[in-house]
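# Analysis of the macromolecular model
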Amino acid sequence: MFERLDLLIGQEKRESLATKTVVIVGVGGVGGYAIEALTRCGVGNFVLIDHDIVDITNKNRQIIALDSTVGQKKVEVLKNRMHDINPNCNIDTYDFFLDDSNLDLLNKYSIDFLIDACDSVNTKKLLLSKASKENIPFIASMGAANKLDPSQLEITDIRKTSYDPLAKIMRKYVKDQNLKNKITVVSSKEKPQKNQSKTLASISFVPSSAGLLIASHIIHSWISTPKKNYDLSDC
């Protein structure tokens with residue numbers, strides 16, 4: 001199933017992806033698309049953590065949200081989908097809310113990349129601190145709600161974010177904790193759209209684009225393909 005990927009990055013690098021372990025906290029609008037892409041790239045080992053069920057309101061933006069999956073546990077729906085794509089990948093699922101009472105669960109895994117795609121500020125702080133202190137490769141999703149333009153998403157350091165209310169909270173936490181290392185996030189520079197409701201608004205192509213950017217960042221960090229200098233005379 002990976003013939004066309006081998007043509008792009010080479011069989012040896014592609015096969016190395018099967019040895020990698022990705023932990024993802026939050027498998028909704030952003031997380032679901034990140035895991036979808038990583039599965040299709042042949043990443044071999046996953047740990048999915050999310051304490052939520054598929055709701056009908058998820059259908060506008062989450063890849064696992066269908067009429068046939070409403071009411072089911074998100075981690076189990078995603079696990080089944082991943083095995084339908086690549087039966088050889090190994091998947092552990094945890095249907096609980098990650099907090100300081102169970103964070104030690106992560107210690108049982110040799111983590112090649114930790115993805116924070118959850119909505120809880122407290123959980124985000126826990127994951128950021130753990131990754132920073134233990135030097136775990138890490139990327140976090142900031143706010144994708146009330147945004148319309150996926151072209152304004154970017155992968156950057158948390159300290160360089162703007163027009164992102166969630167990132168503002170996390171910037172303050174990084175400063176208060178005196179964290180000096182780079183904190184990689186995907187965030188949008190777009191000013192949030194005004195919303196008359198207290199409910200966060202969303203559209204299909206912004207969280208999905210954020211998830212795909214996360215997957216791209218992770219794969220590129222592993223395969224480290226040097227950029228080619230193209231001869232424009234060949235175009």
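Residues numbered from 1 in each chain as written. Predicted model: local features only at pLDDT ≥ 70, side-chain atom pairs only at ≥ 80, totals over all residues. Heavy atoms only, no water.

### Quick word on helix α4 (residues 74–85)
Helix length check: α4 (twelve residues) gives 17 Å between terminal C-alpha atoms against 16 Å at 1.5 Å per residue, within 8%. Of all the positions in α4, only Lys 74, Val 75, Val 77, Leu 78, Met 82 and Ile 85 are classed as buried. End-on, the buried residues of α4 take up no more than an arc of 160°, which puts them together on one face. The exposed set on the far side of α4, more than 90 degrees from its buried face, consists of Asn 80 and Asp 84. Elements in contact with the buried residues of α4: α3 (29–40), β2 (45–49) and β3 (90–94). (Helix = DSSP H or I, 4+ residues; strand = E, 2+ residues; numbered from the N terminus. Expected span 1.5 Å × (residues − 1). Buried < 20%, exposed > 50% of the residue type's maximum accessible area, 1.4 Å probe, protein only. Arc of directions from axis to C-beta. Contact = heavy atoms within 4.5 Å.)

### So, the packing of aromatic side chains
Scanning the model with the defined rule gives two aromatic pairs in all. Ring plane angle 45° and centroid distance 5.6 Å describe the contact between Tyr 94 and Phe 96, whose orientation is recorded as tilted. Accessibility expressed as a relative area gives 16% for Tyr 94, which makes it buried. Between Phe 113 and Trp 222, the ring centres sit 6.2 Å apart and the planes meet at 70°, which makes this aromatic pair edge-to-face. Linking Phe 113 in strand β4 (residues 113–116) with Trp 222 in helix α7 (residues 205–223), this pair joins segments that are 109 residues apart in sequence. Assessed through its relative accessible area of 4%, Phe 113 is described here as buried. (Phe/Tyr/Trp six-rings, centres within 6.5 Å; stacked < 30°, edge-to-face > 60°.)

On their own, these measurements won't tell you what the molecule is for.
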